[in-house]
Amino acid sequence: MTSGSKIIMQNMDDLKSSSAMIKESMNTMSGEAAKINETSATFSGVSEKMKESIAEIGGQMNQFTV
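As the structure is a computational prediction, the values presented were derived from the model and not from experiment.

Draft legend 1. Highlighting the overall build of the chain. Looking only at helices and strands, the chain features 1 helix and 0 strands. At 28 Å, the chain has a C-alpha radius of gyration far larger than the 11 Å of a compact globule built from 66 residues. Expressed along its principal axes, the backbone C-alpha trace of the chain runs to roughly 95 × 15 × 5 Å. Within the chain, buried positions represent 0% of all 66 residues. On the chain, roughly 6,200 Å² of surface is accessible, and the fraction owed to carbon and sulfur atoms is 62%. Taking the 6 positively charged and 8 negatively charged side chains of the chain as two groups, their mean positions are separated by 9 Å.

Given below as structure tokens:
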């Protein structure tokens, strides 16, 4: 094999390796994005419960007269 062909083959191997790393990184980012979305949904639920609780406590406090 000529030296030019060897260089081309090496570059192709490097490209395959880089592509595999990029694919793996994108899969990891996708998984992490899913975790962020789950956490966001959980916080949203907690926030809504807190809002309801505060409104309920406020209603109970309004029953008292000073």
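Still more to cover.
Draft legend 2. Up close: a nonpolar patch on the surface. The grouping of I8, M9 and M12 at the surface amounts to a nonpolar patch, some 290 Å² of accessible area in total. One can find I8 in helix α1 (residues 3-62).

Scoring rules and cut-offs
- Residues numbered from 1 in each chain as written.
- Predicted model: local features only at pLDDT ≥ 70, side-chain atom pairs only at ≥ 80, totals over all residues.
- Heavy atoms only, no water.
- Helix = DSSP H or I, 4+ residues; strand = E, 2+ residues; numbered from the N terminus.
- Rg over C-alpha atoms; globule rule 2.2 N^0.38 Å.
- Buried < 20%, exposed > 50% of the residue type's maximum accessible area, 1.4 Å probe, protein only.
- Areas by Shrake-Rupley, 256 points an atom, 1.4 Å probe, with all protein chains shown as cover.
- Lys, Arg positive; Asp, Glu negative; His and termini not counted.
- Charge placed at Lys NZ, Arg CZ, Asp CG, Glu CD.
- Patch = residues over 30% accessible without salt bridge, like charges linked within 9 Å, V, L, I, M, F, W, Y side chains within 5 Å.
- Salt bridge = Lys/Arg side-chain N within 4 Å of Asp/Glu carboxyl O.

All quantities given are derived from atomic positions and should not be read as evidence of function.
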